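Here's the letter readout for the chains.
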Amino acid sequence: MRESEHKREHTPEEGGNLIEIQLNMPLRPEFEDFSPPEPPPPRPRRRRERTAGTAIPFRVIIPALAALVLVLAVVMLINPFGTRDEAEDPGVSNLPEWVTVDLLPENPYSRPGTLLERVNGVVIHYVGNPNTSAKANHGYFASLAETGDTYASSHFLVGLEGEVLLNVPLDEIAYCSNRRNDDTISIECCHPDDTGEFTEETYQSLLELTRWLMETYRLDTDQIIRHYDVTGKECPRFFVQNPDAWENFLAELAEKS
């Protein structure tokens, strides 16, 4: 198209309408077929590949299980949790059938749990509370765990009717004989009155119990002593006030041993 012709098409004087001409103009190519762009295709999700676990060889499992069983067996043998099976405890095993095991709870005042490393003797006591039973005196020792009033206990209590209670295992110390707590077994005996004399039942049980301890620990009669012989305390009262009665007791032990 010549330049002059192009100008005539766009001048109103030639009778054309500029607006109409503009409206009648073909659309610009970029608008001829307008449509929104298609969304990009979704990206495929990457699946995490599973890593196969490493199989543990069977020959490794068996020794590991064996080692675990061995460790558990040692733990059960040592038992660090403070609870001991009375049937397997050397401090309460192999007792005569006439001894009743009634152990005090472990506590600082009557059963500290300290091991008794050796036994060099037996110390005889009297409870000092007339006409009280072995069970009552055991209850007093047990109550010290709560009250903390004093330090007191004994391995054995012999009652008015001859009953024998074990309060503290024989491989632990009891708080009864002062400086001899560390190497002796202690026996507290009940008595009906202030004289401290034992009933016949108590006396016979004391003889039998002391004799059994002598045989168990291979003790002689000179290793059987009174509390009085340790501290000078009047205990057991009747045997302190009546030395002949004490000598007779030792003589009977010698006869039976």
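Residues numbered from 1 in each chain as written. Predicted model: local features only at pLDDT ≥ 70, side-chain atom pairs only at ≥ 80, totals over all residues. Heavy atoms only, no water.

1. Focus: the packing of aromatic side chains
Following the criterion strictly, the structure yields nine aromatic pairs and no others. With 5.6 Å between their ring centres and 85° between their planes, Tyr-151 and Tyr-175 make a pair best called edge-to-face. With Tyr-151 in the loop between α4 (134-147) and β3 (156-158) and Tyr-175 in the loop between β4 (164-166) and β5 (184-189), this residue pair connects regions lying 24 residues apart in the sequence. Judged by relative accessible area, Tyr-175 falls into the partly exposed class, the value being 23%. A ring pair is formed by Tyr-203 and Phe-249, whose centres lie 5.9 Å apart and whose planes are at 65°; its orientation type is edge-to-face. On the criterion of sequence distance, the pair formed by Tyr-203 in helix α5 (residues 200-217) and Phe-249 in helix α8 (residues 243-256) is long-range, its members being 46 residues apart. You can call Phe-249 buried: its relative accessible area is 0%. By way of ring pairs, the aromatic residues Phe-198, Tyr-203, Phe-238, Phe-239, Trp-246 and Phe-249 are connected into one cluster. (Phe/Tyr/Trp six-rings, centres within 6.5 Å; stacked < 30°, edge-to-face > 60°. Helix = DSSP H or I, 4+ residues; strand = E, 2+ residues; numbered from the N terminus. Buried < 20%, exposed > 50% of the residue type's maximum accessible area, 1.4 Å probe, protein only.)

2. Quick word on the side chain of Arg-226
Note that Arg-226 resides in strand β6 (residues 224-226). Take Arg-226: its relative accessible area is 11%, and that puts it in the buried class. Polar side-chain contacts of Arg-226 include one of 3.1 Å to the backbone oxygen of Phe-239. Excluding its chain neighbours within four sequence positions, the residues that come into contact with Arg-226 are Val-123, Ile-124, Cys-235, Pro-236, Phe-239, Val-240 and Trp-246. (Polar contact = N/O pair within 3.5 Å; in protein donor to acceptor, adjacent residues only side chain to side chain. Contact = heavy atoms within 4.5 Å.)

3. Things to note about a nonpolar patch on the surface
A contiguous nonpolar surface patch, about 280 Å² in accessible area, is contributed by Ile-62, Leu-65 and Leu-68. With respect to the secondary-structure elements, Leu-65 resides in helix α3 (residues 58-78). The class of Leu-65 is partly exposed, set by a relative accessible area of 48%. (Patch = residues over 30% accessible without salt bridge, like charges linked within 9 Å, V, L, I, M, F, W, Y side chains within 5 Å. Areas by Shrake-Rupley, 256 points an atom, 1.4 Å probe, with all protein chains shown as cover. Salt bridge = Lys/Arg side-chain N within 4 Å of Asp/Glu carboxyl O.)

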